[in-house]
Amino acid sequence: MTASLTQTREPSPAPSLQPTGWLRYLSFSLDHKVIGLQYIVCGFLFYFVGGALAGVIRTELATPISDFVSREVYNQVLTLHGTVMIFLWIVPVVNGGFGNYLIPFYVGARDMAFPRLNAVAFWMIPPSGLLLISSYFVHGGAAQSGWTAYPPLSLTTPATGQILWILSVLLLGGSSIFGGINFIATIVKFRQPGLKLMMLPMYCWAMLGTSILVVLATPVLAGTLILLSLDIVAHTGFFNPGLGGNVVVYQHLFWFYSHPAVYIMVLPAFGLVSEILPVHARKPLFGYVTMVYSIMAIVILGLIVWAHHMFTSGTPPWMRLFFTIATAFIAVPTGIKFFNWIATLWQGRLALTTAMLFSCAFIIQFVFGGITGVALAQVPFDVHVHDTYFVVGHFHYIVYGGTVFVIFASIYHWYPKFTGRLLNEPLGQLHLLLTVIGFNLCFAPQHWLGLNGMPRRVAEYDPSFTVVNQISSVGALMMAISTLPFLINVIGSAFRGPRAGDNPWRALTPEWLTTSPPPVENWRGAPPLVKEPYGYGHSGNPIDLQTARGRDLWTSQP
Amino acid sequence: MRIPPAIITLVLGMMLVLFGLWVANDVSLLPESASLNAPVYDELFKVLLAIGTVLLLGITGIVIYSLVRFRRRQGDSLDGEPIEGNLALELFWTAVPAVVVLFIGIYSYDIYDRMGGMQSLSMHDHAPREQLASVRHAEPSDQDRLWGGIGIRGSADVLPVEVTALQFAFIFHYPEQNITSGELHVPTGRPVELRLRANDVIHAFWVPQFRLKQDVIPGQQTVLSFTARKPGDYPIVCAELCGPYHGGMRSHVVVHNPDDFSSWLEKTAPPTLS
């Protein structure tokens, strides 16, 4: 590898038009690394907002009667919780955050294809997030119709909040489309000469697939929401049955985006795990080619499964059959990825770092979410548990137990790259332990609740479910507490963490073959051409003389 | 003598499968089953639970085993084996899940058919299809396009009930007896045909003990059929966010023996003039 080449040249101090100190993180910086960190930190701030909203929900549900907030406020809270967590936390962080930071390194470029568009895409997020949250304070409060905003309910709840919700989601969708275009252009056109597509780190493939989904599906949501807003403000009748509209059409259009949105949230996470595991297992990523094909299979299948959200909405029988089979088949490429990760672990030399352990927790929890997902794909099964807490449990296993765990793994993995300092491992493992216990305590019992008759989005419920709901609320409290060691760690280590060196994990992917943190244009001198980002174990393991037998010496010769 | 790893793996696999079957058959996760299609649903649930348990425990076991067995010892900075892939393994773990998923799909199709879900609702298509505004009650199957999911229709001795879902209650009307009630009363053993409609927003009619749920969508006349099996009092739950009091939109379905049901009808029917 070419790591040592870059060390020889001295940095030339050049005057910069951009702010260089901490102020650059508040500026319209065009540096992809600054933008990436802006996405991640901004996402975390919104994660706390969304988490506080979840705290309101779990506090309300600690008792079977509606006694903590009013019923209207409860519906606003659950709507904001879903919207904030999806559009302001997970999607921006796994796409914009890590995507912007890593993709230019991976393709050997000095920045993204369209740096200015990139900065615009980020700076659309804070205002639209504030717009969304401030809608709570307008007359009538925030939107009350859930993150799905199904008409006719969304046409009858207070209009101002609903319109602000639509505006905010449109802006966030726009930001997401800008990002998607930028990623496609960077990955396809900005690779350095000699770097073939099949040499790229897996996260590039994940981001390429995700960006295709973003660019194909998000405009459909935008169009749908514009029609919905016309129904609200201009009294058109697209989705108003009283005026001859059809509400099921809205559901089709909404889910045409919002099912792919699940893959927009999990495919980048799959990519990040594929980067983390080989480094900490000291083994090549198992089955690179099948991993690539399975990402593309997920992209294609992800676009043709949306109606499985509508099995109880009066869809024709043949359609239910088709969407059952298509949905269940997503388990095949997803399964391939999971088996390949396990094969990557197998016979490795696993460093039990926090990043590795979060990734392994992700594997187990996502498999659980995937199993309940295949069950939900079956129409007769879904008919009973659709719109219940079973579904709430299922998708939190996918997006929290899956993606959010990967976000944490990625922070532990790339923090030395971001800051040049190491995180504290014992604190990290305390964070892991609290998160794993809290998460499973919170969401596993919800499957039982759903099977036994508790619908979702309710402020009050049958008193026989009290104990299980309280267990779930205790789990939520533990999850809230678990962020404390994380925060202390991340903030404290930024100032007092031990120096990491340029490449503390001895990784081979290109972002590590420069200084930590990297200079403005990523490398001093030419970017290294990394043709084997997972070439672990190839250097020929030195033979341990203490345990070696003569036969080992003979067989290890080429 | 060491036991060969292949035998240990085989024994562990067999134990895992047996444990999965035990979980599926003896761990009760579902509420009481009180309608004719609920046991059919429970069959599917058992199959899914068995497969799911085996998969989840198997993968959890392998991950934890790898973390313990292949952990890096103190001071070890070597790499693992440079294994980049294995075509036979890839084919194996593509083919096996594909077959399992296909099996589950076909099996659940069969279950769905037995629950009456594949019945075409637009068999009598001589009437104009989508007269959405003019939903009538008399003979819906002849008048309008019907929507619906589960339920075997066409039986002669059917008890029709008109259900109106509104913010935030269900109203049940028995057209033959001209009874209007806030609770649903049905006899055991006789098919009930619910004709559901909503006038304001989307609601969903859910009886967990019947394993039945159907969205009630404004502008869509919807039919849901079931046959109750077990006398008792079961909750009816609205399962689609319909406004602030969504959580309070609940009712009951009371399942009577046929004799008790006749006396309930007599007791509740409004006096007629004739």
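Residues numbered from 1 in each chain as written. Chains lettered and ligands numbered in written order. Predicted model: local features only at pLDDT ≥ 70, side-chain atom pairs only at ≥ 80, totals over all residues. Heavy atoms only, no water.

Participant: Go over the overall build of chain B, please, and point to the residues and values.
Facilitator: Helices and strands together make up the secondary structure of chain B, namely 5 helices and 11 strands. For chain B, the proportion of its 274 residues judged to be buried stands at 47%. When contacts within chain B are restricted to residue pairs at least 6 apart in sequence, long-range pairs at least 24 apart make up 68% of them. Summed over its atoms, the accessible surface of chain B is roughly 13,300 Å², and 62% of this surface lies on carbon and sulfur atoms. (Helix = DSSP H or I, 4+ residues; strand = E, 2+ residues; numbered from the N terminus. Buried < 20%, exposed > 50% of the residue type's maximum accessible area, 1.4 Å probe, protein only. Contact = heavy atoms within 4.5 Å. Areas by Shrake-Rupley, 256 points an atom, 1.4 Å probe, with all protein chains shown as cover.)

Participant: Tell me about the interface of chain A and chain B, and please be specific about residues and values.
Facilitator: With 90 residues of chain A at the interface, the matching set in chain B holds 81 residues. For the chain A and chain B pair, buried surface summed over both sides reaches about 7,500 Å², with 67% attributable to carbon and sulfur atoms. On the surface where chain A and chain B come into contact, there are 2 salt bridges. One salt bridge in this structure joins R282 of chain A and D79 of chain B, with 3.0 Å as the shortest N-O distance. Seen at the junction of chain A and chain B, the total is 22 residue pairs in polar contact (both at pLDDT 80 or more). Sorting elements by how many residues they give to the side of chain A that touches chain B places helix α12 (residues 354-377) of chain A first, with 9 residues. Residues belonging to the side of chain A that touches chain B are distributed by class as follows: 49 nonpolar, 27 polar and 14 charged. (Buried area = accessible area lost by both parts, 1.4 Å probe. Salt bridge = Lys/Arg side-chain N within 4 Å of Asp/Glu carboxyl O. Polar contact = N/O pair within 3.5 Å; in protein donor to acceptor, adjacent residues only side chain to side chain. Nonpolar A, V, L, I, M, F, W, Y, C, P; charged D, E, K, R; others polar.)

Participant: Could you give me a rundown of the packing of helix α10 (residues 317-329) of chain A against helix α3 (residues 87-114) of chain B, with the residues and numbers involved?
Facilitator: For the pair α10 of chain A and α3 of chain B, the least separation of the axes is 9 Å and the interaxial angle reads 155°. With respect to each other, α10 of chain A and α3 of chain B are oriented roughly antiparallel. Handedness of the crossing formed by α10 of chain A with α3 of chain B: right-handed. In contact with R320, L321, T324, I325, A328 and F329 of chain A of α10 of chain A, α3 of chain B contributes A98, V101, L102, G105, S108, Y109 and Y112 of chain B. A per-class count over the contact of α10 of chain A with α3 of chain B returns 9 nonpolar, 3 polar and 1 charged. (Axes fitted to C-alpha atoms, helices over the stretch in contact; angles between N-to-C directions. Parallel < 35°, antiparallel > 145°, perpendicular 65-115°, else oblique. Left-handed = near helix turned anticlockwise from the far one by under 90°.)

Participant: Explain the domain arrangement of chain B to me, and be specific about the residues and the numbers.
Facilitator: Residue and element names in this part refer to chain B. For chain B, the domain assignment lists domain 1 (5-69 + 86-114) and domain 2 (140-268). For domain 1 versus domain 2, the distance between C-alpha centres works out to 35 Å. Seen at the junction of domain 1 and domain 2, the total is 2 salt bridges. Counting across the interface, domain 1 meets domain 2 through 11 residue pairs in polar contact (both at pLDDT 80 or more). The set of elements that each furnish at least two residues to the side of domain 1 that touches domain 2 consists of α2 (38-69) and α3. The element best represented in the side of domain 1 that touches domain 2 is α2, accounting for 4 residues. (Domains from an automatic or database assignment.)

Participant: Help me get a handle on the sheet that holds strand β10 (residues 232-238) of chain B, residues and values and all.
Facilitator: Pairing between the strands of a sheet comes from backbone hydrogen bonds, and it takes one of two forms, parallel or antiparallel. Residue and element names in this part refer to chain B. Spatially, 5 strands are ordered β5-β11-β10-β7-β8 in an open sheet, and the strand pairing comes out mixed. Of all strands in the sheet, those with a lone pairing partner are β5 (184-187) and β8 (212-216), marking the two edges. In this sheet, adjacent strand axes meet at a mean angle of 20° when their direction is disregarded. Relative to β8, strand β7 (residues 203-207) runs antiparallel, the two being bridged by 5 bridges. If you follow A204 over to β8, its bridge partner there is D215. (Pairing = 2+ DSSP bridges.)

Participant: I'd like a rundown of the side chain of S473 of chain A, residues and numbers included.
Facilitator: Residues and elements named next belong to chain A. When you line up the elements, S473 lands in helix α16 (residues 466-496). Engagement of the side chain of S473 in a polar contact is seen with the backbone oxygen of R58, the distance being 2.7 Å. Residues in contact with S473, not counting those within four places in the same chain, are R58, L61 and A62.

Participant: Pulling in residues and values, what's your account of helix α3 (residues 115-123) of chain A?
Facilitator: Within α3 of chain A, the full set of buried residues consists of N118, A119, A121 and F122 of chain A. Relative to the axis of α3 of chain A, the buried residues are bounded by an arc of 155° and lie together on one face. (Arc of directions from axis to C-beta.)

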